[in-house]
Each structure stands twice: as C-alpha cells, then as structure tokens.
Amino acid sequence: MCGIVGAVAQRNVEGILLEGLRRLEYRGYDSAGMAVLNAAGELQRRRALGKVAALEAMLEEAALPGRCGIAHTRWATHGKPSEENAHPHQSGNRLALVHNGIIENHEPLRRELEADGYAFSSQTDTEVVAHLLEREYRHGDGLLAAVQRGLAQLEGAYALAVVHADEPNVVVGARKGSPLVVGAGIDEAFLGSDPLALLQVTDRFIYLQEGDVVRLADGGKIEIFDAEGQAVQRPIQTFEHGDGAASKGEYRHFMQKEIFEQPAVIAAALEGRLGERSVPSECFGPDAEALFSRVEQLHIVACGTSYHAGLVARYWLERYAGIPVQVEVASEYRYRTVVVPDNTLFVTLSQSGETADTLAALRFAREQGYLGSLAICNVPGSSLVRESDLTLMTQAGPEIGVASTKAFTTQLTALMLFTLALGRVKGLDAETQAEVVAGLRALPQLVSRVLELDDAIESLSTEFAEKHHALFLGRGAHFPIALEGALKLKEISYIHAEAYPAGELKHGPLALVDSEMPVVSVAPNDELLDKLKSNLQEVRARGGELFVFADERVGIEAQEGVRVLSLPHVHDALAPILYTVPLQLLSYHVAVLKGTDVDQPRNLAKSVTVE
Ligand code: G6P
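So, here's what we can say about the structure. (Residues numbered from 1 in each chain as written. Predicted model: local features only at pLDDT ≥ 70, side-chain atom pairs only at ≥ 80, totals over all residues. Heavy atoms only, no water.)

## With respect to the overall build of the protein chain
Next, step 1: Looking only at helices and strands, the protein chain features 18 helices and 25 strands.
Next, step 2: Relative to the compact-globule value of 25 Å for 611 residues, the protein chain shows a C-alpha radius of gyration of 25 Å, a close match.
Next, step 3: Counting only residues that meet the buried cut, the protein chain has 61% of its 611 residues in that class.
Next, step 4: Accessible area of the protein chain: about 22900 Å², with a carbon and sulfur share of 47%.
Next, step 5: Distance between charge centres in the protein chain, computed from 55 positive and 82 negative side chains, equals 1 Å. (Helix = DSSP H or I, 4+ residues; strand = E, 2+ residues; numbered from the N terminus. Rg over C-alpha atoms; globule rule 2.2 N^0.38 Å. Buried < 20%, exposed > 50% of the residue type's maximum accessible area, 1.4 Å probe, protein only. Areas by Shrake-Rupley, 256 points an atom, 1.4 Å probe, with all protein chains shown as cover. Lys, Arg positive; Asp, Glu negative; His and termini not counted. Charge placed at Lys NZ, Arg CZ, Asp CG, Glu CD.)

## A word on the site of the ligand
Next, step 1: Neighbouring the ligand are 13 residues; S306, S350, Q351, S352 and T355 lie closest to it.
Next, step 2: A distance of 2.6 Å separates an oxygen atom of the ligand from a polar atom in the side chain of S350.
Next, step 3: Within the contact set of the ligand, an oxygen atom lies 2.6 Å away from a side-chain nitrogen or oxygen of S352.
Next, step 4: Protein chains shield 91% of the accessible area of the ligand, which is 390 Å² for the free molecule.
Next, step 5: For the shell around the ligand, the element with the most residues is helix α9 (residues 304-321), which contributes three residues. (Near = heavy atom within 4 Å. Polar contact = N/O pair within 3.5 Å; in protein donor to acceptor, adjacent residues only side chain to side chain.)

## Re unusual backbone geometry
Next, step 1: The omega torsion of the bond from H87 to P88 falls at -5 degrees, within 30 degrees of zero and hence cis.
Next, step 2: Residues other than glycine seldom take positive phi values, yet D187 does so here, at roughly 55 degrees.
Next, step 3: Taking relative accessible area as the criterion, D187 reaches 44% and is therefore assigned partly exposed.
Next, step 4: Despite not being glycine, Q395 shows a phi value in the positive range, around 60 degrees.
Next, step 5: Positionally, Q395 belongs in the loop between β20 (390-393) and α13 (406-425).

## What about the packing of aromatic side chains?
Next, step 1: With the rule as written, the count across this model stands at nine aromatic pairs.
Next, step 2: Centroid distance F284 to F418: 5.7 Å. Interplanar angle 55 degrees. Geometry classified as tilted. Of this pair, F284 sits in the loop between α7 (262-270) and α8 (288-294) while F418 sits in helix α13, placing them 134 residues apart in sequence. The burial state of F284 is the same as that of F418; both residues are buried.
Next, step 3: Taken together, a centroid distance of 4.8 Å and an interplanar angle of 50 degrees make the contact between F464 and F547 tilted. Placement of F464 in the loop between α15 (454-461) and β21 (469-474) and of F547 in strand β24 (residues 545-551) is noted, with a sequence separation of 83 residues between them. Across the pair, F547 and F464 agree in class, each one buried.
Next, step 4: Aromatic ring contacts, followed pair by pair, group Y333, F346, F364 and Y370 into a single cluster.
Next, step 5: Above the face of the Y494 ring, R602 is positioned so that its terminal group lies 3.8 Å from the ring centre. (Phe/Tyr/Trp six-rings, centres within 6.5 Å; stacked < 30°, edge-to-face > 60°. Lys NZ or Arg CZ within 6 Å of the ring centre and 35° of its normal.)

## Things to note about the sheet that holds β24
Next, step 1: If you walk across this open sheet you meet the five strands as β22-β21-β23-β24-β25, and the pairing is parallel. In this open sheet, the two edge strands, each paired with only one partner strand, are β22 (496-501) and β25 (562-567). For this sheet, the mean angle separating the axes of adjacent strands, direction not counted, is 20 degrees.
Next, step 2: Running at roughly 160 degrees to β25, α15 makes contact with β24 and β25 of the sheet. (Pairing = 2+ DSSP bridges. Axes fitted to C-alpha atoms, helices over the stretch in contact; angles between N-to-C directions. Contact = heavy atoms within 4.5 Å.)

## Let's talk about the pairing of strand β18 (residues 344-350)
Next, step 1: Of all seven residues in β18, seven are buried, a share of seventy percent or more.
Next, step 2: Covered by surrounding structure in β18 are T344, F346, T348 and S350 together with L345, V347 and L349, the residues of both alternating faces.
Next, step 3: Examined bridge by bridge, strand β16 (residues 297-302) and β18 share six bridges and lie parallel to one another. The residue bridging L298 from the neighbouring strand is L345, located in β18.
Next, step 4: Considered for its hand, the β-α-β crossover made up of β18, helix α11 (residues 356-365) and strand β19 (residues 372-377) is right-handed. (Right-handed = clockwise from strand over helix to strand, strands pointing away.)

No statement about biological role is implied by the geometric values presented.
Laid out in structure tokens, this is it:
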C-alpha cells in the first residue's frame, strides 16, 4: 500500500524523506519517488521502479538537495507499476503531488482537463489531481486555496501532499479516507501517512481529521483547516515508543494485545479502499476490473483459521456477488483431481503467505487453467504474494501469537471488500453496496465496544476452565465463526471443542449434551435467529449449560443455565466479524486460567512451512 512522507526543514530533506520511505517499506509497494524544491526554487524529481534502494541508488548518482520536499512509495491501482506511473506526479515543472487512495471521478476530470489542454504522461488517477490543482493555482491565491478548491471537486478517498515551486518552503497536505499525520519538529514540520515514517525526526504528532487540510511552512509553522475551511487547532500528541510489534506493551500476552489491536487494524485494512458508497476494484490492482468482469466462479483455498475466513466469505460472495464459490483446505485440494469450470478465479487466504500447503495449492492451481489468482495475505513480499496475479494485503501488522486473531478479522474485512468490489462489477444494487460500506466504516468502533465486554467474558471463562469438552453452535455465516471459536479454544486451552451448524445438533452431537458440556452459541439478529432459538431449547432441555453471545436487540433472556452476553447491533452481513471477538476473548481467558502457554501453545507453529 502507498506511503507518503513530506518535510519542510532547516536542512536538506533528502535523507529524511528517504529514511521515511524505508520505514514504510513494510506496507508493500512497487515503486518509489521523491520531489524536492532546491535553493534556486526549482522542482526536481527522481522516481524508480522497484525498491526504495533503487531510488537511493539514483539519488547517489544525482542528489536532490533542498529543504522542502515530498516522497512516496506506490502500490499500483490505476496503471501498472512503472517509473511513469510512480509518484510524485507533476503538472508542468512547478507543481508536484503524492497521493494515497483512489479518486473515483478521475475519468470525467481527466476528460475535462484534457479539453483544457493538460497533457497526461501517466495512467494514474493521481496525475488528474496534479493538473486539477495546477488549474486552481492559476487563480493566484496560493497553494493552500488551490488545494482547498481542488479537493471540493474530488470524489473518493485520499491523503495527499503537494508542493509548488512558487512557494519554495511550503508543503500542503490533506486527508479524507486515508490517514495523514503531521510531525512537529523544532522549527521543522513533516507529513507522513504513518507516524512510523517520521520517528527518526520527531515523536510529536498531530493526527489530522477527516477533511483536514494542512499547510506546513518554514520555521515549523503548521496551519490546519477543517473540511469547511475554518482554521482549527488539533492537539499535539507524543508518540509512545516501545517498539510496537515486538513488545507486549501493557498486555500480558501477544495474543491479548493482538485481540485489542483489532479496531485499529480493521480500520487499517479499510484504509483508502472504501469509496463513498462502494468499493472500487482498483484496490486489487490495475488489472482487477477487467479480470473481475470475467469471473464466473471462485475457488478459495486456505489452512487453519484462514480456511474459516474463506467459509464465511462463501456466504457473502454468493449473497452479494451472485457467483458460485467453493472453499477447501489446501492440504486436501492440492492432492485431488479438480474440475475447474471456465472463468474460475483461484483465491488463497493466508496470514503468513508462506504456508506450505497453501503455496503448493497455488502452484498446483497454476497448472489447472484458472482465470487467474488472488492472494489475500498479511505479509507483503511473501511467496504467496509474489506468485499471485492479484493481491490484497490485510494490513494487520505482525501477528506474533500462534493462535491467529487480528489476522482473521482483517482477512474477513478484506474478503468483504472483495465481495463488494466483485458485487459492483456483477451488478449488486447501489443501495446494498452503500449500506455495507457504511457498516464497514462503523465496524472498528463496534469492535471497540465488544472489547469493553472483556471483564464480563473473563468471569464467564471460569465456567470452562475445569471442563474437558465444549460445543460451539452457529447458523449461516456464523457456523464458520463457531468453527473458529472452537479452534481457538482447542489451540490455546487444550480443551476439546467442536463446532456444529446448530441445525445439525439433533443429528448426533445432542447425545453428548449434559451438565458437563458447555455450549457456546452466537446469536446475531439475523433471519436464522428463531431457528437458532429452538436449537438452544434443545440443549437446555437436556441440562446443557448455554453461553449465548447475542445482539442487544434480540430477545434471549438470561435464566437458570443460560448466560447471555449482549453485543452491539451491527449490519447483519458484518456480524461474523464482530462475533469473532468475544470468542477470542473467551478462549484467551480460559487459557490464562488453565496456565497454558498462550502465545506458543504446545505442538503448534505460527507459520507451517512444511507439509
Ligand atoms: C498455522 C497457524 C494458524 C494458521 C494456519 C494457516 O496452523 O497456527 O494460526 O491459521 O497455520 O496459516 P496462514 O499463515 O496460511 O494463514
């Protein structure tokens, strides 16, 4: 995913910008570039396909001295990875711009600007913004006003940084739908799409809010304007050091930390990928739209927790994109004869991108005549990502706990983005797209509310610590969530747990139900609720202890033998993501009570790179 760095400093900024780009490399990208205004007031630019090291080599040959500049790592959406498509983009030789996100109305704007005589040298949506701002700049009221007027004409998501040679010590930044932070230095000011990009120069940050525009100027001057153009003050916050990913911080275990990171990482997975009312297919790369329009079937292959994400996605994809979906564990798929219908897309899901069975399945699939392959993965540069035609990174950050938590919920988030992008191409009605997009926007906040149930779930966990078995029930897209809940409990507490679609209870597992068998059920407010309630009665009638996670609007009453935990109401399609969280917390607390090795459970490995 793209990264932005900008600086207005008392010294040459080339090294600062380059270090910033290096710190953003982990996000995955395909090209990098930088533009700096030199002492003579000239705009100079270098761009390189490939790694930041390639840009660095270019700068060693021909440096970019100057105290004001912008830089970027690009992950291709509109237009293939190439030097011409790399940022910064210029309009003439006076204005340069870097951009993250997607401009949805770039096509009409491009036509309009071409009619006005602007010549385009790339296939990107970003170059449209460069020319648009140049046109606004001609009004003669300065870069800030030009950006404010230009932004009013854009639809979509963006963070951007722009410089103009007429204002040699100014960088203007803006955000809407993609993050941007201001770094406050001593008489210097910086911009970054992530504070990590700027930690080498400052630990004091202003987190811009939606619609904010910022003007950084000489001497560390920072002026911020809200979406209405009103000057506003935003607080400066000191970044808490403590090597984020590698330390547990205030948490007792990595798993616990990773569970609590979910609101932030789900937001990161959504970052720059949501249009106003739809999900543009460009999030999946420049070739996605053409490929999606040809897709008639999907085969999803994965292992472990990632496989459960695939099972949930089947419900979504068939409901919203209207195409048949098959989901299979990789270790089975790779060794059987598969029949591949015409125009089938092969999809792999993996946190690590290195799981041997999933990788082998992809390599096997390449020989089977699929339309192409898509990897939804958390590790940029992993084998799976390198070998797939299309990729979508889940942006969960490093996951250390062996039992997967945040990687799963971000996979689900990415899969819903995929569902909506594919659905849009397949004619899903605009109202439904807009509703789910709004639901996704609200999701991080709802997950935070579920995390507030931590104490209540911890007290429930005492009921499980002495048990040897547990049953998890769900219906519809919540059956895979029951599977995932059971897997979590098995993995870290070593309690034997099984999951069933609740309607199957009477066909066997009901025989196991007695007072020693806790039965966990997820009961969102969906169309299967009434049926699920009857299934729960079947358990209660046999003396089984029920633990129900239910929508706050659902009428399931706590009573003798039935414990109910209410979850906030959520769009029904997104409930599987929300209902995963209490099950993670339950397993975690049971494992802590049992004193097992939560982060590194016996016999299991984080990344299984052998067959
Ligand atoms: C191992 C891990 C699981 C994970 C599975 C698939 O079994 O312990 O947590 O779900 O591998 O890993 P992947 O990296 O492909 O998602």
